[in-house]
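Residue strings, one per chain:
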Amino acid sequence: MAKTLLYTSEFKGDATLTFINKSGIIFSRKIDKNELIGRKSESGRGTIQIPSAIVSRSHGEISVINDNYYYRDVQSLNGTYINGTTFLNKDSAIQATTLNDGDIIGFDLQKDGVHHPDRTIAIFSRTLDINVDWERIPL
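Residues numbered from 1 in each chain as written. Predicted model: local features only at pLDDT ≥ 70, side-chain atom pairs only at ≥ 80, totals over all residues. Heavy atoms only, no water.

## As for the nonpolar core
Thought 1: With 18 residues, the main nonpolar core has Leu17, Ile37, Ile62, Tyr69, Tyr71, Ile105 and Phe107 as its most contacted residues.
Thought 2: Counting only elements with at least two residues in this core, the list comes to β1 (16-21), β4 (48-50), β5 (60-65), β6 (68-73), β10 (104-107) and β13 (120-125).
Thought 3: Not counting the four nearest positions on each side in its chain, Ile105 is found in contact with Leu17, Tyr71, Thr80, Tyr81, Ile82, Leu99, Thr120, Ile121 and Ala122. (Core = buried A, V, L, I, M, F, W, Y, C linked by side-chain atoms within 4.5 Å. Buried < 20%, exposed > 50% of the residue type's maximum accessible area, 1.4 Å probe, protein only. Helix = DSSP H or I, 4+ residues; strand = E, 2+ residues; numbered from the N terminus. Contact = heavy atoms within 4.5 Å.)

## Quick notes on the pairing of β13
Thought 1: Extensive coverage of β13 is indicated by the burial of 5 of its 6 residues.
Thought 2: Direction of pairing for β1 relative to β13: antiparallel, over a ladder of 5 bridges. Along β13, the bridge assignment pairs Ile20 with Ile121.
Thought 3: Of the strand pairs in this sheet, β10 and β13 are connected by 4 bridges, and their pairing is antiparallel. What sits directly across from Ile105, in β13, is Ala122. (Pairing = 2+ DSSP bridges.)

## Some words on the side chain of Glu35
Thought 1: By the element assignment, Glu35 lies in strand β3 (residues 34-39).
Thought 2: Looking at Glu35, its side chain comes within polar contact range of the side chain of Thr47, at 2.5 Å.
Thought 3: Those residues in contact with Glu35 that lie beyond four places of it in its chain are Arg29, Lys30, Thr47, Ile48, Gly60, Glu61 and Ile62. (Polar contact = N/O pair within 3.5 Å; in protein donor to acceptor, adjacent residues only side chain to side chain.)

## Digging into the side chain of His59
Thought 1: Tracing the sequence through the fold places His59 in the loop between β4 and β5.
Thought 2: Residue classification places His59 among the buried residues on the basis of a relative accessible area of 0%.
Thought 3: At 3.3 Å, the side chain of His59 forms a polar contact with the side chain of Thr80.
Thought 4: Those residues within four positions of His59 in sequence are excluded, and the remaining contacts are Ile37, Gly38, Ile54, Tyr71, Asp73, Val74, Ser76, Gly79, Thr80 and Phe107.

## Topic: the sheet that holds β6
Thought 1: Taken in spatial order, the 5 strands make up an open sheet running β4-β3-β5-β6-β9, and their pairing is mixed. Whereas interior strands pair on both sides, the edge strands pair on one side only; in this sheet they are β4 and β9 (97-99). Averaged over all pairs of adjacent strands, the angle between strand axes in this sheet comes to 25°, irrespective of strand direction.
Thought 2: Pairing between β6 and β9: 3 bridges, direction antiparallel. What sits directly across from Tyr69, in β9, is Leu99. (Axes fitted to C-alpha atoms, helices over the stretch in contact; angles between N-to-C directions.)

## Examining the environment of Ile123
Thought 1: Its place among the elements puts Ile123 in strand β13.
Thought 2: Residue classification places Ile123 among the partly exposed positions, given a relative accessible area of 27%.
Thought 3: Taking the C-alpha atoms as reference, Ile123 lies 5.2 Å from Thr18; in sequence the two are 105 residues apart.
Thought 4: Discounting residues that sit within four places of it in the chain, Ile123 has contacts with Thr16, Leu17, Thr18, Ile20, Gly102, Asp103 and Ile104.

Put into structure tokens, the structure is as follows:
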């Protein structure tokens with residue numbers, strides 16, 4: 001039986017990131033005022049650490065200004081894709097982008113239009129509650 005998820009974009013709860021790789025959901029995390037996203041390692045500097053070899057130790061950061069959330073790549077090696085199309089990295093003219101409910105942040109390397117098989121994505125949301133016991137969602 002198919003299941004339907006209903007939500008309203010008018011609800012503005014805590015901002016969350018739900019991290020997903022080819023195995024499914026890795027973890028969800030409430031976003032505090034400023035977060036540094038990086039690879040999980042002994043020398044990882046991120047306040048949010050992703051278990052992936054293709055994520056840089058310091059990959060990107062999320063900032064909050066006047067209740068708006070912004071993502072900025074902090075000179076990651078492989079770059080960041082927002083909704084699969086916007087490419088951000090150290091050489092990009094784009095310094096930061098506003099995050100909207102449902103935006104997908106891709107932490108990976110893309111070659112000839114194909115994403116790395118070990119990519120990790122994060123879904124930004126202010127309308128989903130991470131405390132709900134969600135079923136595993138395969139990609």
